[in-house]
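Results of the structural survey
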Amino acid sequence: MGQALRVDKPAFLTQDELVLQDWWLERCLGSRSVMTRQRAVERLAGRADPAAMRLLRLAAQDPDAAVRRAAMSALGQAGSDEAVQLLAAGLRDGDEQVQETAVLALRRVGGPNAVHALSRALGQGSSRVQFRVAQALEALGWRPAGPEEEAAWSVARGEYERAAELGGVALPLLARRLREGEYAERLSVVRSLIRCEDAGAGSLLMEALRDPDAAVRTAAAEGLGLRMHAPAVPALIRLLKDPMPQVRAAAAAALGQLRDGAAVEPLIRALEDAQWEVRAAALEALGRLGDRRAFPSVAARLEDSEQEVREQAAETLGVVGDESVVEKLVLTLMDPHSGVRQAAARALHRIDPGWQRSPRVQNLLPTLQSALHHRDPGVQLAAAGLIRQITGLSPGELERQGGALSPVHRREAAARALELLAGDFDAAVRLAAVRALGRLGLRRSIPALQARLNDPHPSVAAGAHEALQRCHAG
């Protein structure tokens, strides 16, 4: 055959001429020239006679996709039942553009047979083709008749949340979209699975932890944490070594939500991560786990170079720390950033509401005094406030006392603490407090002791009376 046989015959032909033309078109369909074959198919557009259907059937099997697309378009203009059958086969063509052309042709043909062929194609082909199928069905007035059709319809239209609400019947379709879809589609599927009540959604989210895109892996890790999917712990621990920091941070946060003790040591190692976001997420996760094995490593992060990490370290110590970290937290009250200072103050109150009276804190006074000369005015102000909290004296008054608390001021500080304890709900504590105040014998304690003269516990009232006598004598 030649490379470019002419096919431009007159439009109006006699029966004999039509037979001759069909013979000629069949020869053209055997040409090695794609353009010749394509133009031959175009000459068949609008014909539904048996001879044309036979030639279009040949064209629909052409090795070149452009010729097959032309065949689908011509079949759409034919509109016969046989044309619909050939178009339905075109929906399964290996070329996406051929499939799309078949969808558009069936939409043009319309009728029950075309609708049936399109509805059977839901859930097949690429996401683009499925969307075209859904558009065609909607234009033809079709609506889903059951859960399976509803799931396929929703996935085809990109309504993944609606599909996820249908549960298990939609999971195979969502799984396929998760494996084959574009980045935005995979991300949307993952987000929809978070709210899916079917248990199988957790397995799909774990599969998404291996997605090539970091945003999808991040969303999957977050979803597993929100779903409290315990089987995901080993996979999330491995994800702490993901090359992308946002993924590592999401994995750390999810492990904190799952509260599995196996994650403690990996999260402690994550405190050394090069990215501050990962360190902060690991600290928050360790706070949720509440494991005391972590607090030495957490306390070390109070000196982290990043403000957000220091702030989270202080918050975490308020959950997992004990009195051994009080001194570090007190020093953190002089951090240059107010957010860190506030977090440290909250942590100290959780660990020991009376931390100002601790002897270990009293020993920090020289350090606090040296901070009065810090280059940052905020640190200077914080140090001055701490000195007043601990001693009841301004920095100048303390300096006039020789740089440390004199015996008199130590007695004053002890009296303040005991006066608070004299109002404790426990009668034994109140009794011990009033007796100690009596031994101190300070007149400043007289109002607190007078308040205990009417104590409901007789021994406390008697102890207060005896202590008052000593204070008056003092």
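Numbers given for residues are sequential positions, taken from 1 along each chain in its written order. A pLDDT threshold of at least 70 governs which residues receive local features in this predicted model, and a stricter bar of 80 or more applies before side-chain atom pairs are shown or counted, although totals over entire chains, interfaces and linings include all residues. The side-chain figures draw on all heavy atoms in the structure; neither hydrogens nor water molecules are used.

1. Observations regarding the pattern of salt bridges
What counts, and what does not: Salt bridge, as applied in this entry: a Lys or Arg side-chain nitrogen positioned within 4 Å of an Asp or Glu carboxyl oxygen. Summary of the burial criterion: residues with accessible area below 20% of their type's maximum are buried, those above 50% are exposed, and those between are partly exposed, where the area comes from a 1.4 Å probe applied to protein chains only.
All chains considered together, the criterion is met by 31 salt bridges. A salt bridge links Asp304 to Arg301, with the shortest nitrogen-to-oxygen separation between them at 2.5 Å. Like Asp304, the residue Arg301 is buried in the burial classification. Where salt bridges share partners, they join Glu272, Arg279, Arg301 and Asp304 into one cluster.

2. Looking at the nonpolar core
Heads up, the rule is: Here, the term nonpolar core denotes a set of buried Ala, Val, Leu, Ile, Met, Phe, Trp, Tyr and Cys residues that are joined through side-chain atoms within 4.5 Å. Contacts were defined at the residue level, with two residues in contact if any of their heavy atoms lie within 4.5 Å.
Ranked by size, the top nonpolar core spans 87 residues in total, and within it Leu174, Leu236, Leu267, Leu286, Leu329 and Trp355 carry the most contacts. Residues within four places of Leu286 in sequence aside, it is in contact with Val264, Leu267, Ile268, Leu271, Asp291, Ala294, Val298, Thr316 and Val320. Ala74, Leu75, Leu106 and Ala134 belong to the second-largest nonpolar core, a separate cluster that totals 47 residues.

3. Things to note about unusual backbone geometry
Keep this limit in mind: By the criteria applied, helices consist of DSSP H or I runs no shorter than four residues and strands consist of E runs no shorter than two, each listed in order from the N terminus.
Unlike most non-glycine residues, Met228 shows phi in positive territory, near 55 degrees. With respect to the helices and strands, Met228 occurs in the loop between α14 (214-226) and α15 (233-239). Overall, the relative accessible area of 46% leaves Met228 in the partly exposed class. Positioned with a positive phi, Arg259 is a non-glycine residue whose angle comes to about 55 degrees. When you line up the elements, Arg259 lands in the loop between α16 (245-258) and α17 (264-270). Judged by its relative accessible area of 48%, Arg259 is partly exposed.

4. Concerning the layout of surface pockets
Keep this limit in mind: Only protein atoms enter the 1 Å grid, on which a cavity is a set of points fitting a 1.4 Å probe that cannot get out and a pocket is an open set with protein on both sides within 12 Å along at least 5 of 7 lines, lining residues being those with an atom within 4 Å of a point. Grid points are joined across faces, edges and corners, and a volume is the space filled by probe spheres set on the points. As a working rule, the residues Ala, Val, Leu, Ile, Met, Phe, Trp, Tyr, Cys and Pro are called nonpolar, Asp, Glu, Lys and Arg charged, and the rest polar, with Gly in that last group.
In this structure, the largest pocket encloses a volume near 270 Å³. In terms of lining, the largest pocket is formed by Leu302, Glu303, Arg310, Lys328, Leu331, Thr332, Met334, Asp335, Pro336, Ala371, His374 and Val379. Per element, the largest residue contribution to the lining of the largest pocket is three residues, and it comes from helix α21 (residues 326-332). Of the residues assigned to the lining of the largest pocket, the class counts are six nonpolar, two polar and four charged. Estimated volume of the second largest pocket: approximately 220 Å³. Lining the second largest pocket, in full, are Asp81, Val84, Gln85, Ala88, Leu91, Arg92, Asn113, His116, Ala117, Arg120, Ala121 and Gln124. Only α5 (81-90) and α7 (111-121) provide two or more residues apiece to the lining of the second largest pocket. Of all the elements, α7 adds the most residues to the lining of the second largest pocket, at five residues. Classifying every residue of the lining of the second largest pocket gives five nonpolar, four polar and three charged.

That's the geometry; what it means functionally is another story.
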